[in-house]
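Residues per chain, in single letters:
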Amino acid sequence: MTEDNQQSVWQVIVAIPAGKVASYGQVADLAGLPRAARWVGRLLKNLPADSTLPWHRVVRADGRLAFATGSERYQRQQQRLRAEGVLLRNNKINRQYFQY
DNA sequence: TGAGTGACTTGAG
DNA sequence: ACTCAAGCCACTC
């Protein structure tokens, strides 16, 4: 995929306000890339560790995090979200999704 | 060339 | 509420 697509995805993600979340598919749609949910996930996976991008605000469509429950990355994301007031109930997000 | 694999989603049982 | 299957797209052997 192109640099432009990558740019669009990043713009969408930085536009997600603290305290809200968006799903991978939602991010893809807003970036003008329908059906590219997996691609968005791969993009975040390859994200440099020092990136300031709020990647933690991107979750699965069903409200669960994309990582195995309790895993290292899972807990890191959960902690970031909790710092913004987004709590998990039964492994699922308890706050509203980003509306556009 | 092709099978396997995900930081995914949706629909059917 | 849970599991399965299929669709999805790029990457890796």
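Small disclaimer: the values here were computed from a predicted structure and weren't measured.

*Asks:* So what exactly am I meant to see when it comes to the protein's contact with DNA strand B here?
*Replies:* DNA strand B sits among 15 residues. The nearest are Tyr-24, Gly-25, Arg-38, Arg-42 and Ala-61. What you see for DNA strand B is that sugar and phosphate hold 42% of its atoms within 4 Å of the protein. With respect to DNA strand B, the backbone of Gly-25 contributes an N or O atom lying 3.0 Å from a phosphate oxygen. At a separation of 3.3 Å, a base nitrogen of DNA strand B approaches a polar backbone atom of Leu-44. The set of elements that each furnish at least two residues to the surface near DNA strand B consists of helix H2 (24-30) and helix H3 (37-45).

*Asks:* How do you make sense of unusual backbone geometry when you look at a structure like this?
*Replies:* Trans is the common state for peptide bonds, and a negative phi is the common state for residues other than glycine. One non-glycine residue, Arg-35, lies in positive phi territory at about 65°. Even without glycine at this site, Asn-91 takes up a positive phi of about 65°. Within the secondary structure, Asn-91 sits in the loop between strand E3 (88-89) and strand E4 (92-93). A relative accessible area of 34% places Asn-91 in the partly exposed class.

*Asks:* When you look at the pattern of salt bridges in this model, what are you seeing that I'm missing?
*Replies:* Side-chain pairs of opposite charge can arise where the charged atoms are in close proximity. Counting across every chain of the model gives 1 salt bridge. With its nearest N and O atoms 2.7 Å apart, the salt bridge here joins Glu-84 to Arg-57. Residue Glu-84 is located in the loop between helix H4 (72-83) and E3, and its partner Arg-57 is located in the loop between H3 and strand E2 (58-59); the two are separated by 27 residues in the primary sequence.

*Asks:* What am I meant to see in H4 here?
*Replies:* The periodicity of an α-helix, 3.6 residues per turn, causes residues three or four positions apart to be oriented the same way. Counted at 1.5 Å a residue, the expected span for H4 with its 12 residues is 16 Å, and the 17 Å between its end C-alpha atoms agrees. Those residues of H4 that fall on the buried side of the exposure criterion are Tyr-74, Gln-77 and Leu-81. Buried residues along H4 cover an arc of 70° about the axis, so they all sit on one side. Opposite the packed face of H4, turned more than 90 degrees from it, sit the exposed residues Glu-72, Gln-79 and Ala-83. With its phi angle positive at about 90°, Gly-85 sits one or two positions after the end of H4.

Thresholds applied
Residues numbered from 1 in each chain as written. Chains lettered and ligands numbered in written order. Predicted model: local features only at pLDDT ≥ 70, side-chain atom pairs only at ≥ 80, totals over all residues. Heavy atoms only, no water. Near = heavy atom within 4 Å. Polar contact = N/O pair within 3.5 Å; in protein donor to acceptor, adjacent residues only side chain to side chain. Helix = DSSP H or I, 4+ residues; strand = E, 2+ residues; numbered from the N terminus. Buried < 20%, exposed > 50% of the residue type's maximum accessible area, 1.4 Å probe, protein only. Salt bridge = Lys/Arg side-chain N within 4 Å of Asp/Glu carboxyl O. Expected span 1.5 Å × (residues − 1). Arc of directions from axis to C-beta.

These values are about where atoms sit, not about what they do.
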